[in-house]
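# Notes for the structure review
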Amino acid sequence: MEDCIFCKIVAGEIPGEVVHATERTVAFRDLNPQAPTHVLVVPRRHFANAAELAAGDPEASAELLTTAAAVAADEGHDDYRLVFNTGAGVGQTVFHTHLHLLAGRPMTWPPG
Ligand code: AMP
């Protein structure tokens with residue numbers, strides 16, 4: 001999709017520090033990491049959020065989770081947090097579905 005920064009990373013048009021890629025997903029490091037491991041897992045196809053991805057491409061939706069687990073294991077983490085922000089009101093700033101994988105430090109609950 002035109003003007004989508006994550007579509008451009010998936011297409012290799014702008015740089016991203018890719019750590020894992022599958023048929024349907026790409027995982028790359030967040031530019032502004034909030035934990036020692038902060039990786040974004042995105043579907044190659046453009047959807048605005050997690051629910052739209054689940055409705056439109058359930059296989060890619062599942063693959064986001066298996067990719068995140070593989071990256072966590074690659075980086076040596078048994079404990080990690082997965083987050084989908086959905087909507088500007090809770091902090092979504094990029095409207096291409098992305099799963100945050102956060103790990104490597106203690107975390108509190110509820111999140112801020
Ligand atoms: P969200 O606020 O849930 O929409 O998350 C968007 C995330 O994308 C933020 O954590 C940003 O730091 C991250 N981000 C924005 N642009 C880039 C980029 N070019 N490469 C990697 N991460 C990015």
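Notes on the structure follow. (Residues numbered from 1 in each chain as written. Predicted model: local features only at pLDDT ≥ 70, side-chain atom pairs only at ≥ 80, totals over all residues. Heavy atoms only, no water.)

### What to know about the pattern of salt bridges
One pass over the full model with this rule turns up five salt bridges. Of the charged contacts, one joins Glu 17 and Arg 29 as a salt bridge, the two residues approaching to 3.3 Å between their closest N and O atoms. Of this pair, Glu 17 sits in the loop between α1 (5-11) and β1 (18-21) while Arg 29 sits in strand β2 (residues 25-29), and the two are twelve residues apart along the sequence. Residues joined by salt bridges that share partners form a network here, namely Glu 17, Arg 29 and Glu 75. (Salt bridge = Lys/Arg side-chain N within 4 Å of Asp/Glu carboxyl O. Helix = DSSP H or I, 4+ residues; strand = E, 2+ residues; numbered from the N terminus.)

### Some remarks on unusual backbone geometry
Here the amide bond leading from Trp 109 into Pro 110 is cis, since omega sits at 5°, within 30 degrees of zero. Note on placement: Pro 110 falls in the segment after β5 (99-103).

### Some remarks on the site of the ligand
Near the ligand there are 16 residues, and of these Asp 30, Asn 85, Gly 91, Thr 93 and His 100 occur at the shortest range. The separation between an oxygen atom of the ligand and a polar main-chain atom of Val 94 is 3.0 Å. One of the side-chain nitrogen or oxygen atoms of His 100 is found 2.8 Å away from an oxygen atom of the ligand. Expressed as a share of its isolated accessible area of 500 Å², the protein-covered part of the ligand is 83%. Breaking the shell around the ligand down by element, the ones donating at least two residues are α1 and β2. (Near = heavy atom within 4 Å. Polar contact = N/O pair within 3.5 Å; in protein donor to acceptor, adjacent residues only side chain to side chain. Areas by Shrake-Rupley, 256 points an atom, 1.4 Å probe, with all protein chains shown as cover.)

### Focus: the sheet that holds strand β3 (residues 37-43)
Taken together, the five strands give an open sheet; going across it, the order is β1-β2-β3-β5-β4, and neighbouring strands pair in antiparallel fashion. In this open sheet, the two strands that pair with only one neighbour each are β1 and β4 (81-83). Going across the sheet, the axis of each strand differs from the next one's by a mean of 20°, ignoring polarity. Relative to β5, β3 runs antiparallel, the two being bridged by five bridges. Across the sheet, the residue bridging to His 38 is Leu 102, located in β5. The strands touched by helix α3 (residues 58-74) are β1, β2, β3, β4 and β5; relative to β3, the strand with the most contacts, the crossing angle is about 155°. (Pairing = 2+ DSSP bridges. Axes fitted to C-alpha atoms, helices over the stretch in contact; angles between N-to-C directions. Contact = heavy atoms within 4.5 Å.)

### Concerning a nonpolar patch on the surface
Side chains of Leu 65, Tyr 80 and Leu 82 sit close together on the surface and give an oily, nonpolar patch of about 250 Å² of accessible area. The residue Tyr 80 is located in the loop between α3 and β4 in this model. Assessed through its relative accessible area of 36%, Tyr 80 is described here as partly exposed. (Patch = residues over 30% accessible without salt bridge, like charges linked within 9 Å, V, L, I, M, F, W, Y side chains within 5 Å. Buried < 20%, exposed > 50% of the residue type's maximum accessible area, 1.4 Å probe, protein only.)

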